[in-house]
Amino acid sequence: MNKVSFEYIDTTNNTCYPGYKLKGKEKYRKLYHFTSFDIFTRIWVSQELKYGTITNVNDIQESMKYFSVHNLTQLPIMCAFKDILSSYRQISFTMDNDSYLKGFMNTMMWGYYGDKSNGVCIEFDYDKIRFPKDAVTGVVKYKDFPPQFTELPDLETTKQVNQFISKNLKKLFFYKQIGWKGENEFRVISKDDEYLNIEHAISGVYLTSCMSKECQLVEKLVNNSIPVKYLDFRQVNNVYLPCSYDTKTSREQLINAQEDPNNALELFYKQAWKYYEKHKNDENASLILDTYSMMP
């Protein structure tokens, strides 16, 4: 989103647009994971995140890692390198873009990983995630030409291969092609763990509708233990800014407005929809309704 020449105070979330650039740990003080409703249910019940296979990443350039050895006698070393490298697993999070544009506002991520915007975005408190001691964490860097080729030195044993990979984990796993920059990724790499303990680390849940069945089920699951909000857009100075709102409060307001007999706009809308339904199969029919009634 391009910066614009006005300020907007979002009193609901105590934030101001445009925001200021985040530095260091500020970028990942809060982390976000987009997923489907069904997988969110498993995550919430188990309080664990499952690591994904490092060789099954969606970036084809990242998955194509090339390496070489000095001579044919080292071919078994190449096999060991490839095998050990494929044993690593990863978990990906999204970070905040700036002090206003939070990670859950990333519409691209909703489309890619949030079940085409029908899923859930989980917010985590970084300091409460129980990262294992052997895990490597960090911010992914985006380059026009990320490193893909590794020339293996004179290694002789599996132990030396493991040591070489451990020493070069950042180069091997924390660079992506610039086209993926919008993911704003924070990554966790582990060789020995299958699940990441996130007990007590979930600090919020976001959806894209306060009226969906999934939203109401999420509310029941978390049982008021954490905030449940939904992403919406507010028009400010002809710009639509992303904002978040409490799901229960918003749903009650919408239902009350729909059921209010004095809500003329809702009454007129129902009449307009009824009129459209009557004529929608006639492409030449006029869809201009001149007269509305104040009677339900």
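Up top you'll find the structure we're talking about.
Residues numbered from 1 in each chain as written. Predicted model: local features only at pLDDT ≥ 70, side-chain atom pairs only at ≥ 80, totals over all residues. Heavy atoms only, no water.

**Thoughts on the packing of aromatic side chains**
Piece 1. What the rule picks out here adds up to 19 aromatic pairs.
Piece 2. With 5.1 Å between their ring centres and 45 degrees between their planes, phenylalanine 268 and tyrosine 292 make a pair best called tilted. A residue pair is termed long-range when its members are at least 10 positions apart, and phenylalanine 268 in helix H9 (residues 264-279) and tyrosine 292 in the segment after H9 qualify at 24 residues.
Piece 3. Since its relative accessible area comes to 26%, phenylalanine 268 is described here as partly exposed.
Piece 4. Using a relative accessible area of 35% as the deciding quantity, one classes tyrosine 292 as partly exposed.
Piece 5. An aromatic cluster of three or more residues is present, and its members are Tyr28, Tyr126, Phe131 and Phe186.
Piece 6. Looking at lysine 170, its charged tip hangs above the ring of phenylalanine 174, at a distance of 4.4 Å from the centre.
Piece 7. The ring of tryptophan 180 carries the charged tip of lysine 176 above its face, separated from the ring centre by 4.5 Å. (Phe/Tyr/Trp six-rings, centres within 6.5 Å; stacked < 30°, edge-to-face > 60°. Helix = DSSP H or I, 4+ residues; strand = E, 2+ residues; numbered from the N terminus. Buried < 20%, exposed > 50% of the residue type's maximum accessible area, 1.4 Å probe, protein only. Lys NZ or Arg CZ within 6 Å of the ring centre and 35° of its normal.)

**Things to note about the packing of helix H7 (residues 213-222) against helix H8 (residues 247-259)**
Piece 1. Direction vectors running N to C along H7 and H8 enclose 135 degrees, while the axes themselves pass 11 Å from each other. Taken together, the axis directions place H7 and H8 in an arrangement best described as oblique. The handedness of the crossing between H7 and H8 comes out as left-handed. Listed contacts from H8 to Cys215, Gln216 and Glu219 of H7 are Thr247, Lys248 and Arg251.
Piece 2. Considered class by class, the residues forming the contact of H7 with H8 number one nonpolar, two polar and three charged. (Axes fitted to C-alpha atoms, helices over the stretch in contact; angles between N-to-C directions. Parallel < 35°, antiparallel > 145°, perpendicular 65-115°, else oblique. Left-handed = near helix turned anticlockwise from the far one by under 90°. Contact = heavy atoms within 4.5 Å. Nonpolar A, V, L, I, M, F, W, Y, C, P; charged D, E, K, R; others polar.)

**Digging into the packing of helix H1 (residues 37-46) against H7**
Piece 1. Relative to each other, H1 and H7 sit at 0 degrees, their axes nearing to 11 Å. Classed by the angle they form, the pair H1 and H7 counts as roughly parallel. Contact residues: Phe37, Phe40, Thr41 and Trp44 in H1; Glu214, Leu217, Val218, Leu221 and Val222 in H7.
Piece 2. In terms of residue class, the contact of H1 with H7 is built from seven nonpolar, one polar and one charged.

**A short note on empty space enclosed by the protein**
Piece 1. The final tally for this structure, using the stated rule, is two cavities of 30 Å³ or more.
Piece 2. Considering only enclosed or pocket space, the largest cavity measures out at about 60 Å³ in volume.
Piece 3. Along its surface, the largest cavity is lined by Asp59, Gln61, Glu62, Lys65, Pro146, Pro147, Gln148, Tyr175, Lys176 and Gln177.
Piece 4. If you list the elements that add at least two residues to the lining of the largest cavity, you get helix H2 (60-63) and strand E12 (175-177).
Piece 5. It is E12 that contributes the most residues to the lining of the largest cavity, three residues altogether.
Piece 6. Here the lining of the largest cavity is built from residues that sort into three nonpolar, three polar and four charged.
Piece 7. Space inside the second largest cavity adds up to approximately 40 Å³.
Piece 8. Lining the second largest cavity are Lys65, Pro147, Gln148, Thr150, Lys171 and Leu172.
Piece 9. Across the lining of the second largest cavity, the residue classes tally to two nonpolar, two polar and two charged. (1 Å grid on protein atoms, 1.4 Å probe; cavity = no way out; pocket = protein on both sides within 12 Å on 5 of 7 lines; lining within 4 Å. Points joined across faces, edges and corners; volume = space filled by probe spheres on them.)

Everything listed here is a matter of coordinates, which is why it stays silent on function.
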